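Analysis of the macromolecular model
For reference, the chains in residue letters:
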Amino acid sequence: MTNTATIPLRLHAAGVAGPGADWWDRFFPEGLPQEWQLEYYTHYYSRLLLPGVVWANAEPPFGDWAEAVPSALRLTLEWPADLAPQAGAEQVRVLAQAIGDRLQAVAPGPMGPEGVAAIRAVMESVGLGHVRVYEAGESRPLASAEAAWFYPPGLNDQGGAWQVEPRAGLDAPGWRALVEALSQAGGTGETLVFLRARPERLSDFRTIAALLGVG
């Protein structure tokens, strides 16, 4: 059995989709149709978190998922705490039929262990047992962040994930403080850091993480 304690922490910055939000929309060329945003995003980055209001929307903001999600993009779905497991699993099944292995993981909102177990059970029941399901998100205080949630890895998994809303107007020292705080928060292995910020800031994060030896 692999000893996960020996696997060094590696922080990998990724984006959070925010169609309609200024911090998201300003990343794209003026006039670019929303249906093309994921294609444009994937020219620069390959992983993205979809909040529940995006993927569970009856009218997907990016249009037809099969056409909107490029083959190189890997998606993690934020599962709202108030979304019933059976209803959510059916919506995930429909999305998975459209995008296949581009669906990588599910990050549950704050809930008890029984809620996460129910999500895993219904995902298995609709043929999606291979999709990774993190443990429920836990709010954590973090330097240079307005809010942060950590999703611990599931049983036999390595590396968890973060969703972080950085403080507005962070300068270079502020971003360094954020990366350092994440590196000191514990954990091992590849850990995704989904930043609710303008996508170009992902490159700043990655540069600092690499310089600090955790990227």
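One structure accompanies this document, and this report is about it.

Reading the values: the criteria
For every chain, the first residue of the written sequence is number 1, and numbering continues from 1 onward in sequence order. Only residues with pLDDT of 70 or above have their local features reported here, since the model is predicted, and side-chain atom pairs are shown and tallied only from 80 upward, although totals for entire chains, interfaces and linings are computed over all residues. The side-chain numbers reported here are obtained from all heavy atoms of the structure, hydrogens and water having been left aside. Here the axes come from fitting lines to C-alpha atoms, over the contacting stretch only for helices, and the angles between their N-to-C directions go from 0 to 180 degrees. Comment: elements are numbered from the N terminus, with helices defined as DSSP H or I runs of at least four residues and strands as E runs of at least two. Here is the rule for angles: anything less than 35 degrees is roughly parallel, anything more than 145 is roughly antiparallel, 65 through 115 is roughly perpendicular, and the remaining ranges are oblique. By convention the crossing between two helices is left-handed if the near helix lies anticlockwise of the far one by an angle smaller than a right angle, and right-handed if it lies clockwise. Two residues qualify as a contact provided that any one of their heavy atoms is within 4.5 Å of a heavy atom in the partner residue. Three residue categories are used. Nonpolar comprises Ala, Val, Leu, Ile, Met, Phe, Trp, Tyr, Cys and Pro, charged comprises Asp, Glu, Lys and Arg, and polar comprises the others, including Gly. Per-residue accessibility, obtained with a 1.4 Å probe over protein chains only, is compared with the maximum for each type, and a residue is labelled buried under 20%, exposed over 50%, and partly exposed between these values. The definition of a polar contact used here is a pair of N or O atoms within 3.5 Å, where within protein one atom must be able to donate a hydrogen and the other to accept one, and adjacent residues in sequence count solely through side-chain atom pairs. In this context, the arc is that of the directions from the helix axis out to the C-beta atoms. For two strands to be treated as a pair, DSSP must find at least two bridges joining them.

**Let's talk about the packing of helix 5 (residues 85-99) against helix 6 (residues 113-125)**
Put simply, helix 5 and helix 6 touch, their axes get as near as 9 Å, and they point 45 degrees apart. Classed by the angle they form, the pair helix 5 and helix 6 counts as oblique. In the packing of helix 5 onto helix 6, the handedness of the crossing is right-handed. Seen from helix 5, the contacting residues are P85, Q86, A89 and V92; seen from helix 6, they are A118, I119, V122 and M123. Of the residues contributing to the contact of helix 5 with helix 6, the split by class is seven nonpolar, one polar and no charged.

**Things to note about the side chain of Q163**
Here Q163 is to be found in strand 8 (residues 161-166). Classification of Q163 as buried rests on a relative accessible area of 1%. Within the structure, Q163 has its side chain in polar contact with the side chain of R196 (distance 2.7 Å). Residues contacting Q163, with those up to four places away along its chain left out, are V16, L49, E78, A147, A148, W149, Y151, F194 and R196.

**What about helix 8 (residues 201-211)?**
Residues of helix 8 that are buried include every one of L202, F205, I208 and A209, and no others. Seen end-on, helix 8 carries its buried residues on one side only, within an arc spanning 130 degrees. Those residues of helix 8 that are buried are in contact with strand 1 (10-16), helix 2 (37-42), helix 7 (172-183) and strand 9 (190-195). G213, located one to two residues past helix 8, shows a positive phi value of around 80 degrees.

**Quick word on the sheet that holds strand 2 (residues 47-50)**
The nine strands are arranged 5-4-3-2-1-9-8-7-6 in an open sheet whose pairing can be described as mixed. At either end of the open sheet lies a strand with only one pairing partner, and these are strand 5 (132-133) and strand 6 (138-139). Pairing analysis gives four bridges linking strand 8 to strand 9, with the strands arranged parallel. If you follow V164 over to strand 9, its bridge partner there is L195. In this fold helix 7 packs onto strand 1, strand 7 (145-151), strand 8 and strand 9, with an angle of close to 155 degrees to the strand it touches most, strand 8. Against the sheet, helix 8 contacts strand 1 and strand 9, and its axis sits at roughly 175 degrees relative to strand 1.

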